[in-house]
2 protein chains.
Amino acid sequence: MDTVKVAVDAMGGDNAPDAVIEGSLNALRLKKEIEVFLVGREDLIKEGLAKRNAHEGERLHIVPATEVIEMAEPPVNAIRRKKDSSIVVGLKLLKAGDADAFVSAGSTGAILVGGQLVAGRIKGVKRAPLAPLIPTKKGVSLLIDCGANVDARAEHLLQFARMGSVYMRDIMGVKEPRVAIVNIGAEEEKGNALVKETYPLLKACRDIHFIGSIEARDIPDGAADVIVCEAFVGNVILKLYEGLSSTLVDVIKTGLMSTLRSKIGAALALPALKRTLKDFDTDVYGGAPLLGLNGLVVKTHGSAKAITITNSIIQCIAFKQQDINGKIQRMYHEGE
Amino acid sequence: MDTVKVAVDAMGGDNAPDAVIEGSLNALRLKKEIEVFLVGREDLIKEGLAKRNAHEGERLHIVPATEVIEMAEPPVNAIRRKKDSSIVVGLKLLKAGDADAFVSAGSTGAILVGGQLVAGRIKGVKRAPLAPLIPTKKGVSLLIDCGANVDARAEHLLQFARMGSVYMRDIMGVKEPRVAIVNIGAEEEKGNALVKETYPLLKACRDIHFIGSIEARDIPDGAADVIVCEAFVGNVILKLYEGLSSTLVDVIKTGLMSTLRSKIGAALALPALKRTLKDFDTDVYGGAPLLGLNGLVVKTHGSAKAITITNSIIQCIAFKQQDINGKIQRMYHEGE
C-alpha cells in the first residue's frame with residue numbers, strides 16, 4: 001500500500017498548534033496509509049507532541065519552519081518575504097514531490113497566493129479555484145470558485161466546472177454530477193456579461209453534465225452538485241451561508257428560551273434538533289481543496305478544531321488514490 | 001391633509017386579483033389619507049369588490065387595463081407590446097402625475113423595465129435600483145441594488161448609497177444610516193475592480209456615513225443599514241437569504257419531528273419559535289422600492305398575500321410625506 005504523505009501547517013489557524021497536532025495524531029491513528037509532516041516551530045511542535053505522549057516516528061515527522069504568516073498580513077508580501085514560514089516550507093514539500101498534499105488552517109490569502117507561486121499550477125490550468133463543500137438539504141454541493149482571484153473570465157469558469165465535476169464524481173461519489181452556473185434567473189438569456197459568455201461554453205462541453213442556471217435561492221435545496229461562479233460571488237455565497245446559518249440558529253435559540261413553556265419544550269427537543277443541524281455544519285466535511293495545483297492543497301477554517309484537521313488529512317487519501325491531479329492533467333493535455 | 005394616490009396592479013402576482021383587492025381595501029380602512037386606483041381587468045375587479053361588499057367611491061377607483069403581463073414574458077418586449085397591460089397603464093398614471101405611487105406583485109423584470117421606460121428616471125439619476133429590506137438580528141437593512149441592471153459602474157453604486165441613505169433615514173427612521181459596500185474582506189485594498197473603484201468614491205462622499213466594506217457573513221448580524229452592491233451580487237444575497245432561511249426552517253422542523261420526545265418538545269416550543277422567526281419574514285415589511293423614478297414604484301413578492309399589499313400601500317404615505325423624490329432630485333440637481 002502506497003502511503004499518502006500529508007504536510008500539515010502546524011502554525012495555521014486560531015487553535016494552532018494544539019488542534020493541529022491533536023488532529024494529525026487522530027488521523028494517523030485512524031488511517032494506516034497516512035504519513036504526516038508537521039511543519040512549523042520545532043520547539044512548539046515537540047512540546048505539543050510530548051503533552052500527548054507522542055513523538056516523531058516512521059509515519060510522523062517534524063519539518064522545522066521558524067516563521068509564521070499572520071492572518072492579517074498582505075498575502076503576496078508575506079509569501080515573498082517569509083521564506084521560512086510554515087506555509088512556504090509546506091508548499092515547497094509539495095512542489096518537490098516530498099508530500100502529496102498540504103493542509104493548512106492559516107491565512108486563506110497566503111495559501112491561495114502560495115499555492116500558485118510556490119506549488120505551481122498543473123500545466124494547462126489557468127487558475128486554481130478554491131472549492132468548499134457546502135451543506136444542502138440533500139447532502140453537499142461543491143461551490144467553485146471561492147478563492148481570491150476575482151474578475152474571472154469565461155474560460156476560467158469552464159475549467160472550474162470540469163475540475164469540480166471530477167472532484168464530485170471521484171471524491172464524493174456522485175455518479176453524474178449536475179453542473180450549474182449561478183445566475184439571477186433560470187432563463188438562458190439572463191445574467192451579467194460573464195455568465196452570458198460562459199453559459200454556451202458550459203452547454204457545449206462534452207465532459208460535464210450541465211443543467212443550466214441556478215438561482216441562489218435553490219442552492220440550499222441541493223439543486224446542483226457543482227455550483228460554478230466567479231470568486232467574488234462564491235465568497236458572498238459561502239460567507240452568507242455561514243453568517244445566516246449561525247444567525248438563524250441564534251434567533252431560534254432566543255425563541256426557544258423566550259417563555260417557560262418553550263424552555264421546557266426546548267429541553268425535550270434539543271438533542272434531536274442538534275443532530276439535524278449538525279448536517280448543516282461545514283466542519284464535518286474537512287477543508288476546501290484548492291484544485292489544479294501540483295499536489296493537493298486543502299484550506300480549512302481558521303477556527304478549525306482537531307476533528308476538522310483530521311477530516312482534512314483523511315480526505316487527501318481519496319484525492320491521491322483517485323489520481324485527481326492526473327485526471328486534471330490529462331484533461332488539459334489532451335486539449336479541449 | 002393631502003391624499004396619497006396609489007395605483008395598484010390588480011393583476012400582479014400569484015394571488016391576484018383577490019389578495020390585491022383584499023389588501024387594498026384593508027389599506028383604505030387603516031389609513032384615511034390613502035386613495036387607491038385598482039388597475040386591471042374591470043370585470044374581475046368589480047367581481048372581487050362585490051364579493052367583499054365593496055364598490056368604487058371617493059377613495060377607490062377602477063382604472064381599466066385589458067392586458068396582463070405574465071411572469072415569464074421577456075420584459076422589454078412585454079412592456080413595448082402590451083400597452084394596455086396593468087403594469088404599463090399603472091406606470092402611466094405615475095408619469096402623468098395622476099398617482100404618487102405604483103404597487104405591483106407582478107413580473108419583476110417588467111416592472112423594472114417599465115419603471116425606467118414608462119415612468120422614467122428623476123433627472124440626474126443614472127440607474128433606478130431595486131432596494132428590498134432584509135431582516136437582520138437588529139431589525140432590517142436596505143440591500144441596494146437587487147434589480148436587473150447588472151454590470152453597474154462605480155458612479156451608479158455611489159448614487160445607490162446616497163439614495164439608500166435618504167430612504168433609511170427618512171422612511172425607516174435610522175438617524176445616521178451606516179453605509180457599507182459588499183466585499184470579500186474588510187481591508188480597503190481587497191475586492192474586484194468595481195469595488196476598488198467605488199470604495200474611494202464612497203469614502204469621499206460627504207452626505208453618507210460610510211463605514212467601509214462588509215463581508216456577506218456580517219449582513220445577517222445587521223452590521224450596516226445600507227448595503228451597497230451591484231445587482232448580480234444583490235440578487236444572489238437576496239435569493240440566498242430567502243432560500244437558506246426556508247431550508248433551515250425545514251431542517252429544524254424535520255429535527256423537531258424526528259423523535260417522540262422532540263415532538264412533544266416542539267408542541268410546547270412552537271408558538272414562541274414562530275413569534276421569533278416572524279421577525280425574519282420579509283413579508284411584513286411590504287415591498288421593495290424602486291428608487292430614483294418619477295413617482296414611487298413598489299415591487300412586492302410574486303407570492304404576496306393581502307397583508308403584504310396592505311403594507312406596501314401604507315409605506316407610500318411616508319414616501320410622499322417625507323418627499324423622498326424631492327430630496328433625491330435636489331441631491332443631483334445641486335451637483336455632486
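Predicted model, so just to flag it, every value in this text is computed and none were measured. (Residues numbered from 1 in each chain as written. Chains lettered and ligands numbered in written order. Predicted model: local features only at pLDDT ≥ 70, side-chain atom pairs only at ≥ 80, totals over all residues. Heavy atoms only, no water.)

1. Brief notes about the packing of helix H1 (residues 18-30) of chain B against helix H2 (residues 42-51) of chain B
Residue and element names in this part refer to chain B.
Then, in step 1: At a minimum axis separation of 10 Å, H1 and H2 run at an interaxial angle of 55°. On the basis of their axis angle, the class for H1 and H2 is oblique. When the axes of H1 and H2 are compared, the crossing they make is right-handed. Residues Asp18, Ile21 and Leu25 of H1 touch H2, and the partners they reach there are Leu44, Ile45, Gly48, Leu49 and Lys51.
Then, in step 2: For the contact of H1 with H2, the per-class residue count stands at five nonpolar, one polar and two charged. (Axes fitted to C-alpha atoms, helices over the stretch in contact; angles between N-to-C directions. Helix = DSSP H or I, 4+ residues; strand = E, 2+ residues; numbered from the N terminus. Parallel < 35°, antiparallel > 145°, perpendicular 65-115°, else oblique. Left-handed = near helix turned anticlockwise from the far one by under 90°. Contact = heavy atoms within 4.5 Å. Nonpolar A, V, L, I, M, F, W, Y, C, P; charged D, E, K, R; others polar.)

2. Looking at the sheet that holds strand E4 (residues 101-104) of chain A
All names here are of chain A.
Then, in step 1: Strand order in the open sheet made by the six strands is E3-E2-E1-E4-E11-E10, with mixed pairing throughout. Only two strands of the sheet have a single neighbouring strand rather than two, namely strand E3 (60-64) and strand E10 (288-290). With direction set aside, neighbouring strand axes in the sheet form an average angle of 25°.
Then, in step 2: The pairing of strand E1 (residues 4-9) with E4 spans three bridges and is parallel. Each residue of the ladder has a partner; that of alanine 7, found in E4, is phenylalanine 102.
Then, in step 3: Running at roughly 160° to E4, helix H4 (residues 86-95) makes contact with E1, strand E2 (34-40), E3, E4 and strand E11 (296-299) of the sheet. (Pairing = 2+ DSSP bridges.)

3. Some words on the relation of the copies chain A and chain B
Copies of the same chain, two in number, are related to each other by a rotation about an axis and a translation along it.
Then, in step 1: Least-squares fitting of chain A to chain B yields an RMSD of 0.1 Å, with the superposition described by an axial translation of 0.0 Å and a rotation of 180°. Both copies of the chain, as the preceding transformation shows, are related through a two-fold rotation axis. When each C-alpha of chain A is compared by its distance to the rotation axis, A:Gly265 comes out closest, at 1.7 Å.
Then, in step 2: Of the residues that chain A buries at the interface, 100% are likewise interface residues in chain B, meaning the two copies contact each other through the same surface. (Least-squares fit on C-alpha atoms with pLDDT ≥ 70 in both.)

4. Regarding the pairing of strand E7 (residues 178-182) of chain B
All names here are of chain B.
Then, in step 1: For E7, the tally of buried residues reaches four of five residues, placing the bulk of the element in the interior.
Then, in step 2: In terms of strand pairing, E7 meets strand E8 (residues 209-214) through five bridges, oriented parallel. Along E8, the bridge assignment pairs arginine 178 with histidine 209.
Then, in step 3: In the sheet, E7 pairs with strand E9 (residues 226-228) via three bridges, with the strands oriented parallel. Note on E9: the bridge partner recorded for isoleucine 181 is valine 228. (Buried < 20%, exposed > 50% of the residue type's maximum accessible area, 1.4 Å probe, protein only.)

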